[in-house]
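# Close look at the chain arrangement
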Amino acid sequence: MTQFVVLIVIHCTQWSCYPNYWPNRRPPPVTVVYVVYSRFTVRRPKGDEGKMSDSLKWFAFMSYGVGHVLNDLVASMWFTYALVFYHYVMQLSSINAGAVVLVGQLTDAVATAVIGVLSDKTNIYCTDRYGRRKTWHLFGSVLVFISLPFAFSPPILPQAETSELNTALYYCFFIVFFQIGWASIENSHMALASDLTPIRDERTALLSIRYSFTVFSNILVYVVTWIVLRSNNASKTQFGPSERKEFQIVILVIMIVGAMTTIIFHIGVREPLTNNRVNRELLMTETEAERAANSFWSMFKHITLYQTAVVYMCSRITVNMTLVFLPMYLQDYLKLEAEKLALLPLIMFLSSFCMSLLNKPMNMKLGRKYTYSFGVVLSLGSALWCYLGSGNTFAKYQVYAVTIIIGIACSVVLVTSQALTTDLIGDKTHRGAFTFGLMSFTDKVCNGAVVMTVQSLHCETCPNYYRDIMCYNWTIPSILAFIAVISLPFGGRPTLTVPEVPETHSSSGNQHPDQSKKQPIEKGQEALPSYAVNS
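Residues numbered from 1 in each chain as written. Predicted model: local features only at pLDDT ≥ 70, side-chain atom pairs only at ≥ 80, totals over all residues. Heavy atoms only, no water.

When helices and strands are counted, the protein chain shows 18 helices and 0 strands. Looking at the protein chain as a whole, 58% of its 535 residues are labelled buried. Within the protein chain, counting contacts between residues at least 6 apart in sequence, those at least 24 apart form 83% of the total. Accessible surface, the protein chain: about 22,100 Å² in total, of which carbon and sulfur atoms supply 67%. (Helix = DSSP H or I, 4+ residues; strand = E, 2+ residues; numbered from the N terminus. Buried < 20%, exposed > 50% of the residue type's maximum accessible area, 1.4 Å probe, protein only. Contact = heavy atoms within 4.5 Å. Areas by Shrake-Rupley, 256 points an atom, 1.4 Å probe, with all protein chains shown as cover.)

Printed below as a string of structure tokens:
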């Protein structure tokens, strides 16, 4: 556990900023933690009191990272094994299985947008005292804990299995509730990153640690699934109705781990309540013109909102549809056994984790656009290899290399798209949840539509169907996102800013010689500019 914590901390720290501390040797783990504490508590621009750095000790930093683990565990099961469970295990047709997933995605899309508005605008006494983001996070966690076990278990009502339609409606009922809870957790946790700190690199670090735990969560799901399948002698066969018990065991593990990490999050993270008061005071004192400029609807006048939405939507489609259709591709096209349906996604997320350690330095050195372009190139290369690969050699060996490459690509595009969204929010944290709600709305609707379309057009006599789907998923969204990224007015290579120091005169009328000099600001220390939204 110690090595894990140290690895994450090093990932979130500019190592090159401290070369003189330990010139020829590796610092001890405790010292590394102290460095992170220093970066997040000392080096602050003026006027940012009450933000993340006032309370972001290393435990709070790690607590924020685990706050999305429950959602990540659920998402891994949902996107990777929902179609497998409903189609192969519960024996629903391709169209009905796709319809169940579509209902979940549409519910998630609407709930994310609605909760985003409520989270930003609703201020009552209990949310002010506990934190409006954490209150919505707690609400969503309760819904997920109540409804998730029923969504991945055989129906408890005998009437639900009398027909295929009744079975589909039974699962849709519970899926609606758990998707509302899932949306509440996701929206509040993402918006909390903007509330906790205004510093660009600190936000990137928060998103990186969040994605690191996302990778760990997915790895946990695949490891547990792989162990359960092997222990129950299901690893040498393909998925079928006999695997109902295995899914229940995996869900039980998810519930236990998710409960522990949710408790850690709510204990370790202290939401800065000054945001709530400052935002309300701002709305009370600003002029009508300023109020109109800061309103939710003013965002729709800026083209950068739509450009960022395209990037976020396409990134999510690439990542989520890879999780959805990779098991179908492995089972239907490559004819691999059930064990490989857990092993190969596991390998993919191991490569994602390794890449997540480099996401922050890449964004800092290269900027958002070059980093995202790197992920696009890897995605296109994976699609080409997948299309040309065939035969026993590809199924046994080359497919592992393809999953490693696409895992790296997914890590890059997902973290960078989230970082671009925080750049879009800038200092307008009072509408951060609404912004993330809009981004999630586009990606949920499109993900559901893609799943439903692919399942409706499924050709039983076409052996290459899911291979072509994987190739399309890794090319079309990547190209669209690349066009949107390069056209953004922000996200380029970071540069040092040199602000002018205002002239001040002493009582004698003589200006101090040092006051006319420009004081450089170290990269990563500057606050996000307001033009992120207004450009």
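Here we come to empty space enclosed by the protein. By the definition in use, this model includes 7 cavities of 30 Å³ or more. By volume, the largest cavity amounts to about 210 Å³. Considering the residues around the largest cavity, the lining is formed by 19 residues, among which Asp72, Ala75, Thr214, Arg316 and Leu414 are closest to the centre. Those elements that provide at least two residues to the lining of the largest cavity are helix 4 (69-89), helix 8 (164-196), helix 9 (200-231), helix 13 (303-333) and helix 15 (391-425). (1 Å grid on protein atoms, 1.4 Å probe; cavity = no way out; pocket = protein on both sides within 12 Å on 5 of 7 lines; lining within 4 Å. Points joined across faces, edges and corners; volume = space filled by probe spheres on them.)

Attention now moves to the side chain of Ser417. Residue placement: Ser417 occurs in helix 15. Excluding residues that lie within four positions of it along the chain, Ser417 makes contacts with Val311, Tyr312, Ser315 and Tyr372.

Below, the discussion takes up the packing of aromatic side chains. Under the criterion given, the structure shown has 20 aromatic pairs. With a centroid separation of 6.2 Å and 80 degrees between ring planes, the pair formed by Tyr81 and Phe247 is classed as edge-to-face. Of the two residues, Tyr81 is situated in helix 4 and Phe247 in helix 10 (residues 244-268); the sequence distance between them amounts to 166 residues. No difference in accessibility class separates Tyr81 from Phe247, as the two residues are buried. Taking 5.4 Å as the distance between ring centres and 15 degrees as the angle between the ring planes, the aromatic pair formed by Tyr329 and Tyr333 counts as stacked. One end of the pair is Tyr329 and the other is Tyr333, both in helix 13 and 4 residues apart, which spans about a single turn. By the burial criterion, Tyr329 is buried, and Tyr333 matches it. (Phe/Tyr/Trp six-rings, centres within 6.5 Å; stacked < 30°, edge-to-face > 60°.)

Moving on, we come to the state of the cysteines. This model, assessed by the stated rule, comprises 1 disulfide. One disulfide in the model links Cys459 with Cys462; its S-S distance is 2.2 Å. One disulfide, between Cys459 and Cys462, carries an S-S torsion of 65 degrees and so falls in the right-handed class. We classify Cys462 as partly exposed; its relative accessible area is 35%. (Disulfide = S-S within 2.5 Å.)

What follows covers the pattern of salt bridges. Tallied over the entire structure, the rule returns 7 salt bridges. Here Lys340 and Glu337 are joined by a salt bridge, their closest N and O atoms 3.5 Å apart. Lys340 gets classed as buried once you look at its relative accessible area, which sits at 18%. Judged by relative accessible area, which is 23%, Glu337 ranks as partly exposed. In this structure, the salt-bridge partner of Asp423 is Arg368, at a minimum N-O distance of 2.9 Å. Separated by 55 residues along the polypeptide, Asp423 in helix 15 and Arg368 in helix 14 (residues 340-388) bring together distant segments of the chain. When sorted by exposure, Asp423 lands in the same class as Arg368, which is buried. Members of the salt-bridge network, linked through shared partners, are Asp108, Glu186, Arg316 and Lys444. (Salt bridge = Lys/Arg side-chain N within 4 Å of Asp/Glu carboxyl O.)

Positionally, Lys396 belongs in helix 15. Distance from Lys396 to Leu334, taken between C-alpha atoms, is 9.3 Å for residues 62 residues apart in sequence.

The subject of this paragraph is the packing of helix 4 against helix 9. Orientation of helix 4 relative to helix 9, taken along the N-to-C sense of each, is 50 degrees, at an axis distance of 8 Å. On the basis of their axis angle, the class for helix 4 and helix 9 is oblique. Crossing hand, helix 4 versus helix 9: right-handed. In this structure, helix 4 contributes Val69, Asp72, Leu73, Ser76, Met77, Thr80 and Tyr81 to the contact, and helix 9 contributes Arg210, Phe213, Thr214, Ser217, Asn218, Leu220, Val221, Tyr222 and Thr225. (Axes fitted to C-alpha atoms, helices over the stretch in contact; angles between N-to-C directions. Parallel < 35°, antiparallel > 145°, perpendicular 65-115°, else oblique. Left-handed = near helix turned anticlockwise from the far one by under 90°.)

Let us now look at the side chain of Ser188. One can find Ser188 in helix 8. The class for Ser188 is buried, based on a relative accessible area of 2%. In this structure the side chain of Ser188 is engaged in a polar contact, spanning 2.7 Å, whose partner is the backbone oxygen of Ser184. Those residues in contact with Ser188 that sit more than four places away from it in its chain are Arg133, Trp136 and His137. (Polar contact = N/O pair within 3.5 Å; in protein donor to acceptor, adjacent residues only side chain to side chain.)

On to unusual backbone geometry. Here Gln91, not a glycine, exhibits a phi torsion of approximately 65 degrees, which is positive. Although it is not a glycine, Lys335 sits at a positive phi angle of roughly 60 degrees. Mapped onto the fold, Lys335 is located in the loop between helix 13 and helix 14.

This brings us to the nonpolar core. The nonpolar side chains of soluble globular proteins are, as a tendency, buried together. Tyr86, Phe152, Phe325 and Tyr329 are the most contacted members of the largest nonpolar core, which totals 126 residues. Sorting elements by how many residues they give to this core places helix 13 first, with 17 residues. Setting aside residues no more than four positions away along its own chain, Tyr329 makes contact with Leu334, Cys386, Phe394, Tyr466, Arg467 and Met470. Membership of the second largest hydrophobic core comes to 6 residues, among which are Ala191, Leu207, Ala419 and Phe436. (Core = buried A, V, L, I, M, F, W, Y, C linked by side-chain atoms within 4.5 Å.)

This part takes up the confidence of the model for the protein chain. Here the protein chain averages 76 in pLDDT, while 72% of its residues score no lower than 70. Helix 17 (residues 465-486) holds the highest mean pLDDT among the elements of the protein chain, 94, whereas helix 2 (residues 29-39) holds the lowest, 34. Long-range and interchain partners of residues 280-284, a stretch whose pLDDT sits below 50, account for 4 contacts in this model, where long-range means more than four residues apart. Low pLDDT, under 50, characterises residues 496-535; the stretch is placed with 66 contacts to residues that sit more than four places away or in other chains. (pLDDT = per-residue confidence, 0-100.)

Turning our attention to helix 15. With 35 residues, helix 15 should cover 51 Å at 1.5 Å per step; its first-to-last C-alpha distance of 48 Å lies within 8% of that length. Within helix 15, the axis deviates most sharply at Gln398, by approximately 50 degrees. The first or second residue beyond helix 15 is Gly426, which carries a positive phi of 60 degrees. (Expected span 1.5 Å × (residues − 1). Bend = angle between axes of the 7 residues up to and from the residue.)

On the surface, Trp58, Phe59, Ile263, Ile264 and Ile267 cluster together to form a nonpolar patch covering roughly 510 Å² of accessible area. Of all the secondary-structure elements, those providing two or more residues to the nonpolar patch are helix 3 (58-66) and helix 10. Looking at the nonpolar patch element by element, the count peaks at 3 residues for helix 10. Turning to its location among the elements, Phe59 is positioned in helix 3. Of the residues examined, Phe59 reaches a relative accessible area of 40% and is grouped as partly exposed. (Patch = residues over 30% accessible without salt bridge, like charges linked within 9 Å, V, L, I, M, F, W, Y side chains within 5 Å.)

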